[in-house]
Amino acid sequence: MTLTLYGAYMCPSTARIQVVLHEKSIPYKLVNTDEESFRHPIPEASSLFGNCIPFIIDKGFILHESRAICRYLATQYADQGTKLIPDVYSIKCCALFEQAVLCEALNFDPYASKAGYENVIKRSKGLLPDEAIFEASIAGLSSKLDAYESILGEQRYLAGNALTLADLYHIPWGTLLTRGGSDIMTRKGPNITRWWNEISTRDSSKGTVLN
Ligand SMILES: N[C@@H](CCC(=O)N[C@@H](CS)C(=O)NCC(=O)O)C(=O)O
């Protein structure tokens, strides 16, 4: 039974899952809920999360929250595609992976999503961006990226020298920041630039609902 992803056009969380589905070579069917007039097609999927998308149904298993979904895919489909999480017995590698995952959720996403929402999502809906919010978000992100620059000077990826989910999680909002006219992903320093150019040009980052 093919995995089904319920998502929407221009939804970064949907794109995050699509990146991982591609990396793991998992065939899937995308149900675009825009086209369904945002009518929730599976009543039992909406109890806890309201009408929030994205969610997946994999052989009857319903799961919400893009990062939880990506984690599930990387574990359930461990034997195929790109390995995206460290082995469970590597305790320190797992701890560094958790650190990188939380770094994206707590230090990158809050600023990048605010800036990307102002300059790209709002414009795509015909609304005017608030330049002050955009600039403040970019300034906040810029201060957080100083640590990225030094971490990525010591290692190839955020959790070590292997690509993980933590790196891929940055692709959707990083892409929209660039599209929104910000050079923040390539102006902080050579290490972030090298890392961002590498992850954002992977085949998995193309062909999502953002493209
Ligand atoms: N934390 C969620 C965020 C998902 C999200 O923001 N979904 C938006 C569309 S991109 C949505 O469903 N908004 C409508 C609602 O919350 O009812 C995730 O990462 O999956």
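Residues numbered from 1 in each chain as written. Predicted model: local features only at pLDDT ≥ 70, side-chain atom pairs only at ≥ 80, totals over all residues. Heavy atoms only, no water.

- An unreviewed UniProt entry lists the protein under the name glutathione transferase, with Rhodocollybia butyracea given as the organism.
- UniProt, in its Catalytic activity (unreviewed entry) section for the protein, records the words "RX + glutathione = an S-substituted glutathione + a halide anion + H(+)". (UniProt positions renumbered as here; feature names shortened; annotations may be inferred.)

Details of the environment of K144
Moving on, step 1. Looking at the element boundaries, K144 is found in helix α4 (residues 131-154).
Moving on, step 2. In the structure, K144 is positioned 65 residues away from V209 in sequence and 27 Å away in space, judged by C-alpha atoms.
Moving on, step 3. K144 has contacts with N107 and Y111, leaving out every residue within four places of it along the chain. (Helix = DSSP H or I, 4+ residues; strand = E, 2+ residues; numbered from the N terminus. Contact = heavy atoms within 4.5 Å.)

Some words on the nonpolar core
Moving on, step 1. By size, the foremost hydrophobic cluster in this structure holds 54 residues, and its most contacted members are I56, L73, F108, Y148, L165, L177 and W195.
Moving on, step 2. Ranked by the residues each element gives to this core, the list is headed by helix α3 (residues 91-124), at nine residues.
Moving on, step 3. Summarising the domain contributions, this core has at least three residues from each of domain 1 (3-76) and domain 2 (91-205).
Moving on, step 4. With seven residues, the next largest nonpolar core counts C11, I53, F55 and I57 among its residues. (Core = buried A, V, L, I, M, F, W, Y, C linked by side-chain atoms within 4.5 Å. Buried < 20%, exposed > 50% of the residue type's maximum accessible area, 1.4 Å probe, protein only. Domains from an automatic or database assignment.)

Considering the site of the ligand
Moving on, step 1. The full set of residues close to the ligand is C11, S13, N51, C52, I53, P54, E65, S66 and R67.
Moving on, step 2. One of the backbone nitrogen or oxygen atoms of I53 is found 2.7 Å away from a nitrogen atom of the ligand.
Moving on, step 3. Relative to its unbound accessible area of 520 Å², the ligand is 60% covered by the protein chains. (Near = heavy atom within 4 Å. Polar contact = N/O pair within 3.5 Å; in protein donor to acceptor, adjacent residues only side chain to side chain. Areas by Shrake-Rupley, 256 points an atom, 1.4 Å probe, with all protein chains shown as cover.)

Details of the pattern of salt bridges
Moving on, step 1. Tallied over the entire structure, the rule returns 13 salt bridges.
Moving on, step 2. What you see here is one network of salt bridges that share partners, running through R16, R67, E104 and D109. (Salt bridge = Lys/Arg side-chain N within 4 Å of Asp/Glu carboxyl O.)

So, the sheet that holds strand β4 (residues 61-64)
Moving on, step 1. Taken in spatial order, the four strands line up as β2-β1-β3-β4 in an open sheet, and their pairing is mixed. The strands lining the two open edges of the sheet, one partner per strand, are β2 (28-32) and β4. Neighbour-to-neighbour, the strand axes of the sheet open up by a mean angle of 20 degrees, direction not taken into account.
Moving on, step 2. Bridging between strand β1 (residues 3-7) and β2 involves five bridges; their strand directions are parallel. Note that in β2 the partner of T4 across the bridge is K29.
Moving on, step 3. Running at roughly 155 degrees to β1, helix α1 (residues 12-23) makes contact with β1, β2 and β3 (55-58) of the sheet.
Moving on, step 4. Against the sheet, helix α2 (residues 66-76) engages β1, β3 and β4, with an angle of about 135 degrees to β4. (Pairing = 2+ DSSP bridges. Axes fitted to C-alpha atoms, helices over the stretch in contact; angles between N-to-C directions.)

Quick look at the packing of α4 against helix α8 (residues 190-200)
Moving on, step 1. Packing of α4 against α8 leaves a shortest axis separation of 7 Å and a crossing angle of 80 degrees. As far as their axial angle goes, α8 and α4 are roughly perpendicular. Across from L145, Y148, E149, L152 and G153 in α4, the residues of α8 making contact are P190, N191, I192, R194 and W195. (Parallel < 35°, antiparallel > 145°, perpendicular 65-115°, else oblique.)

Quick notes on helix α6 (residues 171-179)
Three- or four-residue spacings in an α-helix give side chains the same orientation, since the helix completes a turn every 3.6 residues.
Moving on, step 1. Buried residues of α6: I171, P172, W173, G174, L176 and L177, and no others.
Moving on, step 2. The inward-facing, buried residues of α6 abut α1, α3, α4, α5 (165-168), α7 (184-187) and α8.
Moving on, step 3. Looking one or two places after α6, you find G181, whose phi comes out positive at around 100 degrees.

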